[in-house]
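Survey of secondary and tertiary structure
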Amino acid sequence: MEGAIAHDIQALRDFPGISWCVSSCLDLLPEGALVPGPYDPPAGALSFQQLREQFEADRFPVVGTHLTVRTGLARALGGWPALPALEAMALVLACAAVAPGRMISEPGGICRKHPAQTTAQPHYRDDGEFLTLRAALLSRLDSLQASGWRWGAGHRTESPAVHSEAGLHYRKHGGQANRSSRRAK
């Protein structure tokens, strides 16, 4: 959506105590209507406990692909985990486990739900594999929490932010936000 990255990066500047943020999402319904997501939280702080509880209840309140995170934090967490599914949610939850974050009310994108999408396919939620993925994700969160490690003020800089949607990397150069594509090889 027009300006989505700009308002997310601006939120990282406006709220120096946060290290990541997530923009809201609009659902594009089959008849063409755009409606807010069913579990979107209000703008403001997002707590790890809130996100984890809703993940465990299968009502994750944000769209993980709308995450914008400080580059250093994404790298410190090892980036997106090598999971065949849930990887965007996993990084949101890992960020929340170690650093404060915020919900941005301005939509960062549109999610079109349709019968052919990957997440609607029966194999996507194969009980055995899906439970194993969820267990791996929760184990990572438990380890982060048990370590006591926090991404602190000394780690934050005005370095580039990584935005997970489409794997784009944004940099600040001479007062202009430029983007360069990062493609997996």
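Before reading further, recall that the structure is shown in the block above.
The structure contained in this document is the topic of the report that follows. (Residues numbered from 1 in each chain as written. Predicted model: local features only at pLDDT ≥ 70, side-chain atom pairs only at ≥ 80, totals over all residues. Heavy atoms only, no water.)

1. Regarding the packing of aromatic side chains
Summed over all chains, the structure comprises two aromatic pairs. On the numbers, 6.2 Å between centres and 90° between planes, the contact of Phe-55 with Phe-60 is edge-to-face. Given the relative accessible area of 1%, Phe-55 is considered buried. With 6.2 Å between their ring centres and 65° between their planes, Trp-149 and Trp-151 make a pair best called edge-to-face. (Phe/Tyr/Trp six-rings, centres within 6.5 Å; stacked < 30°, edge-to-face > 60°. Buried < 20%, exposed > 50% of the residue type's maximum accessible area, 1.4 Å probe, protein only.)

2. With respect to the pairing of strand S1 (residues 20–28)
Within S1, eight of the nine residues are buried, leaving the element largely enclosed by the surrounding structure. With nine bridges joining them, S1 and strand S5 (residues 101–112) adopt parallel strand pairing. When the bridges of S5 are listed, Cys-25 appears paired with Gly-109. Inspection of the sheet shows S1 paired to strand S2 (residues 34–36) by three bridges, in the antiparallel sense. In the sheet register, Leu-28 faces S2, and the bridge partner there is Leu-34. Where S1 folds back on S2, the antiparallel hairpin that results is connected by five residues, among which Gly-32 adopts a positive phi of roughly 100°. (Helix = DSSP H or I, 4+ residues; strand = E, 2+ residues; numbered from the N terminus. Pairing = 2+ DSSP bridges.)

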